[in-house]
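Understanding the architecture of this molecule
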Amino acid sequence: MSAIFIVDIQHSKSMKQKIEGLLLHAFGALKTSGLIDQTLEPQIVVERTRDASHGDFTTNVALTLAKAAKTNPKLLAEKIIAALPQDNIVTNVELAGPGFINFFVDRNSQYDIIKRIHNEGQRFGLSTIGAGKKVQVEFVSANPTGPLHVGHGRGAAYGSAVADLLNAVGFKVHREYYVNDAGRQMDILATSIWLRYLEICGEVLPFPSNAYRGDYIRDIAVDIHNSASNEYRRPAELVLESTPPDEPEGGDKEIYIDALIARTKTLLGTSLYRDFFQMGITTILDDIRDDLKEFGVNYQQWFSERQLMEDNSVDTAIARLRAGGHLYEQDGATWFASSKLGDEKDRVVKRENGQYTYFASDIAYHMNKLDRGFDHIVNIWGADHHGYIPRIKAAITALGADESKLKVLLVQFATLYRGEEKIQMSTRSGDFVTLRQLRNEVGKDAARFFYVMRRSEQHMDFDLKLATSKSNENPVFYVQYAFARVCSVFRQLDGKGWERNLPLGMNSLNLLTEEHEIALISILARYPEMLERAALQYEPHQLIQYLRELATAFHTYYNAHQFLVDEAQIRDARLNLIGATKQVLSNGLGLLNITTPESM
RNA sequence: GCGCUUGUAGCUCAACCGGAUAGAGCACCAGCCUUCUAAGCUGGGGGUCGCAGGUUCGAGUCCUGCCAAGCGCGCCA
């Protein structure tokens, strides 16, 4: 008897596909009977209706095809309708408006979705459309010069949601963080920490205007001093020996900090400098790792830029460009002729001083990605890097690959407010709200939900006051509350001395005839197609929108009807419906790494 | 100046490959708790979809021009 609510293959195929099949059949018939031209290639698009009075599904194929068929849309629609084969699932077909064909689906077949959700459980909604293709998703990749701030948080939430969505629809996803552990920023970091360290040792010296001045710098210096005591101490007068003036003294802050970096390297020597440098970066990177992990963001790989430099990948990449004739020398530097490949101007890859530019290692990094055989490469960048896209695409082309393999998704920075007050942020000055602070204030769930709620390219105002308020203004509670309410109903069942009879409920689904029930069922049925679209369009906010809609339909239903009624058949049918709702809420929130508390 | 992104209700945002009467939340107004959690529900007001043209059966969505905001235009990363 357990087979009662096993869904047969026919039914698990989506209604949408079935209707597309019927339409294809109709076109075939029209062509053979000569009623429409053989050469017409109809693009059949079946959509769910937005208005129940338009039936369940609709197609505009008569409208789009009318011109090519040299007829008017209504006439064509009539022909199509007449040619549609009989089907026991479609109860009615109507011609509507300027030429829409609306399909009304038999209610009994719509109930099957409840059985399907029950059978598939956590797997409901997953698909195989990705066909196991390998996708690399690189995101956050913030320089390890300080803790992640709320701007990075959006990239983290969005990036992991995109990765998880792609995974859910059948792609093999590789999540990666590119660690910029080489270059001048890192030297500034090491020098900043060292200067704080010297202060702790008792040396008196001015702090450079261009150094990192956040509290975390001092914290790291304290840690180092605790473990290494005065090992790295050097007298202040030696540090400042023959250094140019800093900006406040009328000098150039860039030149000044570079001079201090040079002094640091000289005074510590290669080996000690390297140790010191490494302690700084390790501390910060560990912090970032913990932070992201606690935020529910996990990576398969942390990819080191320094590694690329050290294993000659950069040399190899540049050599490959040279072999392809994409490089030339000018003014003592080596240039990549990216303007021939869609960039606005050529770019330097190796400076006059013999050092590679950041761009050079990025070329090497992308060569590495290509060589690893990913079918798709997804980079998630802050929107301020948009000007960088053409040169990276040019590099990929020059390396002999198809640049369409690379998809760059931009995330706008969130503008932070505390109520009316706009919060200015600067990494250098250390004056920013960290992701950790945000998480501590609002919690992981609200932070993730809030970040992903809006389209990524949309500028977003993040009001801390609102996000930190644990009130009903926070939409995550609304969705979680729907889940908790279902749990509560099931808990009440015992208290009333009833037992849930699952098969009885499944056999009684046709008793679910209330408007609210039909509406809820229809939303549940949309979950798989919504998930697929959200994934393929890299738009996790669609999932959030959906969950809010589902929660609304449930809350409305909850207020309109009692579930735990005396009549067992209705009761069990309703329990199966809200059980399915619970499952979909859980699947959706789970995908977003948001918890599902059983009571609130 | 050039390029990219954005512009939708008082505020924050949706709108599926161009579809039928542009939708939510917040705020505002009026209601609903002896009944499964009121972090909920019901009803109401609120819109020149930045502006002006164009494309077509049909445009918030596509094209052109303008306006405004953000960002980018380094031998920085």
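Residue numbering note: each chain is counted from 1, following its sequence as written. Chain letters start at A and ligand numbers start at 1, both assigned in the order the entries are written. Local features in a predicted model are, by the rule used here, given only for residues with pLDDT of at least 70; side-chain atom pairs are given and counted only at 80 or more, and totals for whole chains, interfaces and linings are based on all residues. Only hydrogens and water are removed before side-chain values are computed, so all heavy atoms of the structure are retained for them.

You'll find chain A entered in an unreviewed UniProt entry as Arginine--tRNA ligase, with Crenothrix polyspora given as the organism. UniProt positions are given in the numbering used here, feature names are shortened, and annotations may be inferred rather than shown by experiment. The Subunit (unreviewed entry) field of the UniProt record for chain A holds the comment "Monomer." Comment text from UniProt for chain A, heading Subcellular location (unreviewed entry), reads "Cytoplasm".

Every helix listed is a DSSP run of H or I at least four residues long, and every strand listed is a run of E at least two residues long, numbered separately from the N terminus. Along chain A, the regular secondary structure elements total 22 helices and 15 strands. Overall, chain A is about 90 × 65 × 45 Å in size when its C-alpha atoms are taken along their principal axes. Exposure classes here rest on a 1.4 Å probe applied to the protein chains alone. A residue is buried below 20% of its type maximum, exposed above 50%, and partly exposed in between. Per-residue burial for chain A yields a buried fraction of 51% across its 600 residues. Sequence-distant contacts, at least 24 apart, represent 73% of the contacts inside chain A between residues at least 6 apart. Exposure was quantified through the Shrake-Rupley algorithm and a 1.4 Å probe, taking into account, for residues, occlusion by the shown protein chains and nothing else. On chain A, roughly 27,400 Å² of surface is accessible, and the fraction owed to carbon and sulfur atoms is 48%. We score Asp and Glu as negative and Lys and Arg as positive, and we do not count His or the chain ends. Where a charge sits is defined by one atom per residue type, namely NZ (Lys), CZ (Arg), CG (Asp) or CD (Glu). Each charge class in chain A can be summarised by its mean position, and for the 66 positive and 76 negative side chains these summaries are 3 Å apart. Two residues qualify as a contact provided that any one of their heavy atoms is within 4.5 Å of a heavy atom in the partner residue.

Another aspect to go through is the pairing of strand β15 (residues 460–463). Only one face of β15 is covered, namely the one carrying M460 and F462; the face carrying D461 and D463 has none of its residues buried. One bridge is not enough; two strands pair if DSSP finds at least two bridges between them. With four bridges connecting them, strand β13 (residues 414–418) and β15 associate as parallel partners. Note that in β15 the partner of A414 across the bridge is M460.

Glancing now at the UniProt feature "domain: Arginyl tRNA synthetase N-terminal" (unreviewed entry) in chain A. Cross-referencing UniProt, the feature "domain: Arginyl tRNA synthetase N-terminal" (unreviewed entry) maps to residues 17–105 in the present numbering. Each end of residues 17–105 is marked by a C-alpha atom, and these two atoms are 13 Å apart; helix forms 36% of the span and strand 21%.

Here we come to the environment of D164. By the secondary structure assignment, D164 is in helix α7 (residues 150–168). For D164, a relative accessible area of 14% gives the class buried. Setting aside anything within four residues of it in sequence, one finds D164 in contact with R175 and L591.

Attention now moves to helix α22 (residues 568–591). Given a helix with a known number of residues, its expected span is that number minus one, times 1.5 Å. With 24 residues, α22 ought to run about 34 Å at 1.5 Å a step, and its terminal C-alpha atoms sit 34 Å apart, in line with that. Where burial is concerned, most of α22 is hidden: 17 out of the 24 residues are buried. Once α22 ends, the next one or two residues include N593, with phi positive near 60 degrees.

What follows is about the protein's contact with RNA strand B. Near RNA strand B, the surroundings consist of 64 residues, among which R50, Y481, S488, Y558 and H561 are the closest. In this text, near means that some heavy atom of the residue lies within 4 Å of the molecule or strand in question. When atoms of RNA strand B within 4 Å of the protein are split into backbone and base, the sugar-phosphate part holds 61%. With respect to RNA strand B, the side chain of N60 contributes an N or O atom lying 2.7 Å from a base nitrogen. Two N or O atoms form a polar contact when they lie within 3.5 Å of each other; inside protein one atom must be a possible hydrogen donor and the other a possible acceptor, and for residues adjacent in sequence the pair counts only when both atoms belong to side chains. At 2.4 Å, a side-chain N or O of R454 approaches a sugar or linking oxygen of RNA strand B. Elements supplying a minimum of two residues to the surface near RNA strand B: α3 (61–65), β4 (100–105), β15, α18 (475–495) and α21 (541–560). Looking at the surface near RNA strand B, its residues break down into 21 nonpolar, 27 polar and 16 charged. Residues are grouped as follows: Ala, Val, Leu, Ile, Met, Phe, Trp, Tyr, Cys and Pro are nonpolar; Asp, Glu, Lys and Arg are charged; all remaining types, including Gly, are polar.

Turning our eyes to something else, we now look at unusual backbone geometry. Positive phi, normally seen in glycine, also occurs at A131, with a value near 50 degrees. Mapped onto the elements of the fold, A131 is located in the loop between α6 (112–120) and β5 (134–138). A relative accessible area of 60% places A131 in the exposed class.

With parallel pairing, five strands are arranged side by side in an open sheet as β7-β6-β5-β11-β12. Bordering the open sheet on either side are β7 (301–304) and β12 (406–411), each of which pairs with just one other strand. On average, each strand axis in the sheet is inclined to that of its neighbour by 25 degrees, with strand direction left out of account. Alignment of β5 against strand β6 (residues 172–179), held across five bridges, turns out to be parallel. By the bridge assignment, K134 is partnered in β6 with K172. Here the axes come from fitting lines to C-alpha atoms, over the contacting stretch only for helices, and the angles between their N-to-C directions go from 0 to 180 degrees. In the packing of α7 onto the sheet, contacts are made with β5, β6, β11 (376–382) and β12, and the angle to β6 comes to roughly 155 degrees. Sitting on the sheet, helix α14 (residues 358–371) is in contact with β5, β6, β7, β11 and β12, with an inclination near 160 degrees to β6.

When a carboxyl oxygen of Asp or Glu lies within 4 Å of a side-chain nitrogen of Lys or Arg, that pair is called a salt bridge. Applying the stated rule across the entire model yields 25 salt bridges. As a salt-bridge pair, R322 and E329 come within 3.1 Å of each other at their nearest N and O atoms. Here E329 falls in the partly exposed class, since its relative accessible area comes to 49%.

Stacked, edge-to-face and tilted are the three classes for Phe, Tyr and Trp ring pairs, Trp counted by its six-membered ring, which pair at centre distances within 6.5 Å; planes under 30 degrees apart are stacked, over 60 edge-to-face, the rest tilted. The full count for this structure, using the stated rule, is 23 aromatic pairs. With centroids separated by 6.0 Å and ring planes inclined at 50 degrees, the aromatic side chains of F554 and Y558 adopt a geometry described as tilted. Placement of both F554 and Y558 in helix α21 is noted, with a separation of four residues, approximately one turn of the helix. Given the relative accessible area of 0%, F554 is considered buried. For Y558, a relative accessible area of 31% gives the class partly exposed. Following the ring pairs from residue to residue traces out a cluster consisting of F336, Y358, F359, W381 and Y388. Whether a charge lies above a ring is judged from NZ of Lys or CZ of Arg, which has to be within 6 Å of the ring centre and within 35 degrees of the ring normal. Above the ring of F359, the side-chain terminus of R391 is found at 6.0 Å from the ring centroid. The side chain of R454 reaches across the aromatic face of F450, ending 5.6 Å from its centre.

Here we come to the nonpolar core. What we call a nonpolar core is a set of buried Ala, Val, Leu, Ile, Met, Phe, Trp, Tyr and Cys residues that are connected through their side-chain atoms within 4.5 Å. Counting residues in hydrophobic clusters, the biggest one holds 132 residues, and the most contacted among them are W194 and Y451. Top element by residues in this core is helix α11 (residues 253–294). It accounts for 14 residues. Here the limits of each domain have been adopted from an automatic or database domain assignment. Two domains each provide a minimum of three residues to this core, namely domain 2 (184–294) and domain 3 (471–591). When residues no more than four places from it in sequence are discounted, the contact partners of W194 are Y232, R234, V239, T264, L267, L268 and F276. Listed in part, the 33 residues of the second largest apolar core include Y356, M367, L370 and A383.

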